[in-house]
Amino acid sequence: MTRLPGVQATAHRLLTDNADLLYTLTGTWSDDATCRFSVRDPNKGGRSSETQLQTDPIPASLRLLRVHPDDARPTPGASLIYQGALLVLGLWADPSIWTGQQVGVCRLVDERAYPLVALIGVQGFRLRIKALDAAPIQATGLTGTPNNSGLASTPPGVTLQPGDTFTTDAGDRYQVVPPVQRDALGDTVGVSWQGQGAERPPLPTPDNPDPTPDTPDGAPPGRDPWWDEGLP
């Protein structure tokens, strides 16, 4: 007979008996799950195995979520306001063999982590861009390299497709190119800097011969509905 069920039962009792110390927060997530929980920054005094959760581009924004074992757990993609920013649950790790509990991997999304505002047609969204390789040129505070590679990272819920062309609020034009990495905590895509000024037709691709979005003439600038969600 295995002793594991008894160990898990003991662990459950210890977690619930000390719930006031272990789960100090209570909140309702966007999927209506109300629970007691705790949030920890793995970048502060964590074990080496947990620091492997750090992913480019914003390792400092990762958070670890633990929920009271008797409470409902939020589902991946759910969010709530935490420390003045949006805490978004990306995924649940495998259950612990000793406690049977799972740790949620979250991203704390702060406006400062995505400093650029951009438009595709009339749709607004936030992102950050990291220029790569070739000798850069400086343009209105941003660094870009014409027709060269870079990486753009978006918050959870913002998806860019190869062939999309967008313009930042500083006037820089980019086209989305491979690689495209989909992640529950936000996408990272390749971008090609196309210059500044008036919009020009984007470069076609075999799978998307005409990626130019349909933009009504004189349409007002779009908002970023994801960023507005739940913020004061």
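Residues numbered from 1 in each chain as written. Predicted model: local features only at pLDDT ≥ 70, side-chain atom pairs only at ≥ 80, totals over all residues. Heavy atoms only, no water.

Caption draft 1: Representation of the packing of aromatic side chains. Inspection of the entire model under this criterion finds three aromatic pairs. Look at F166 and Y174: their rings are 5.6 Å apart centre to centre, the planes differ by 25°, and that puts the pair in the stacked class. Taking the relative accessible area as the measure of exposure, Y174 reaches 4% and is therefore buried. An aromatic cluster is present here, built from F125, F166 and Y174 joined pairwise through their rings. A cation over an aromatic ring shows up here: R73 above the ring of W92, its NZ or CZ 4.5 Å from the ring centre. (Phe/Tyr/Trp six-rings, centres within 6.5 Å; stacked < 30°, edge-to-face > 60°. Buried < 20%, exposed > 50% of the residue type's maximum accessible area, 1.4 Å probe, protein only. Lys NZ or Arg CZ within 6 Å of the ring centre and 35° of its normal.)

Caption draft 2: Main features of the sheet that holds strand 4 (residues 79-82). What the six strands build is an open sheet, ordered 1-2-3-6-5-4; its pairing is antiparallel. A strand with exactly one partner marks an edge of an open sheet, and here the two such strands are strand 1 (25-28) and strand 4. Each strand of the sheet is rotated relative to its neighbour by a mean of 45°, with strand direction disregarded. Bridge count for strand 3 (residues 62-67) against strand 6 (residues 104-109) is four bridges, and the pairing is antiparallel. When the sheet's bridge partners are listed, L64 is paired in strand 6 with V105. (Pairing = 2+ DSSP bridges. Helix = DSSP H or I, 4+ residues; strand = E, 2+ residues; numbered from the N terminus. Axes fitted to C-alpha atoms, helices over the stretch in contact; angles between N-to-C directions.)

Caption draft 3: Main features of the pattern of salt bridges. Summed over the entire model, instances satisfying the criterion amount to three salt bridges. The salt bridge partner of D41 is R63, with a shortest N-O separation of 3.7 Å. In this pair, D41 is assigned in the loop between strand 2 (34-40) and helix 3 (48-51) and R63 in strand 3, connecting sequence segments 22 residues apart. A relative accessible area of 15% means that D41 is categorised as buried. Put simply, D187 and R182 hold a salt bridge, and the shortest N to O gap is 2.5 Å. Taking relative accessible area as the criterion, D187 reaches 5% and is therefore assigned buried. The exposure class of R182 is partly exposed, given its relative accessible area of 39%. (Salt bridge = Lys/Arg side-chain N within 4 Å of Asp/Glu carboxyl O.)

Caption draft 4: Looking closely at the nonpolar core. Counting 15 residues, the largest nonpolar core has W29, F37, L65 and L87 as its most contacted members. Here this core takes four residues from strand 5 (residues 85-92), the largest share from any one element. Apart from residues no more than four positions distant in its own chain, L87 is found in contact with W29, V39, R63, A78, S79, L80, Y82, C106, R107 and L108. By size, the runner-up hydrophobic cluster in this structure holds 14 residues, among which are I120, L160, F166 and V189. (Core = buried A, V, L, I, M, F, W, Y, C linked by side-chain atoms within 4.5 Å. Contact = heavy atoms within 4.5 Å.)

Caption draft 5: Up close: the pairing of strand 8 (residues 123-131). Strand direction decides the pairing type here: strand 7 (residues 116-120) and strand 8, joined by five bridges, are antiparallel. Bridge pairing links L119 to G124 in strand 8. Between the antiparallel neighbours strand 7 and strand 8 lie two residues, among them G121 with a positive phi of about 65°.

Caption draft 6: Spatial organisation of unusual backbone geometry. Following P178, the chain continues to P179 via a peptide bond in cis, the omega torsion being 5°. Positionally, P179 belongs in strand 13 (residues 172-181). Phi is positive for D32, close to 75°, though the residue is something other than glycine. Looking at where D32 falls in the secondary structure, it is placed in the loop between strand 1 and strand 2. When its relative accessible area of 64% is taken as the criterion, D32 is described as exposed.

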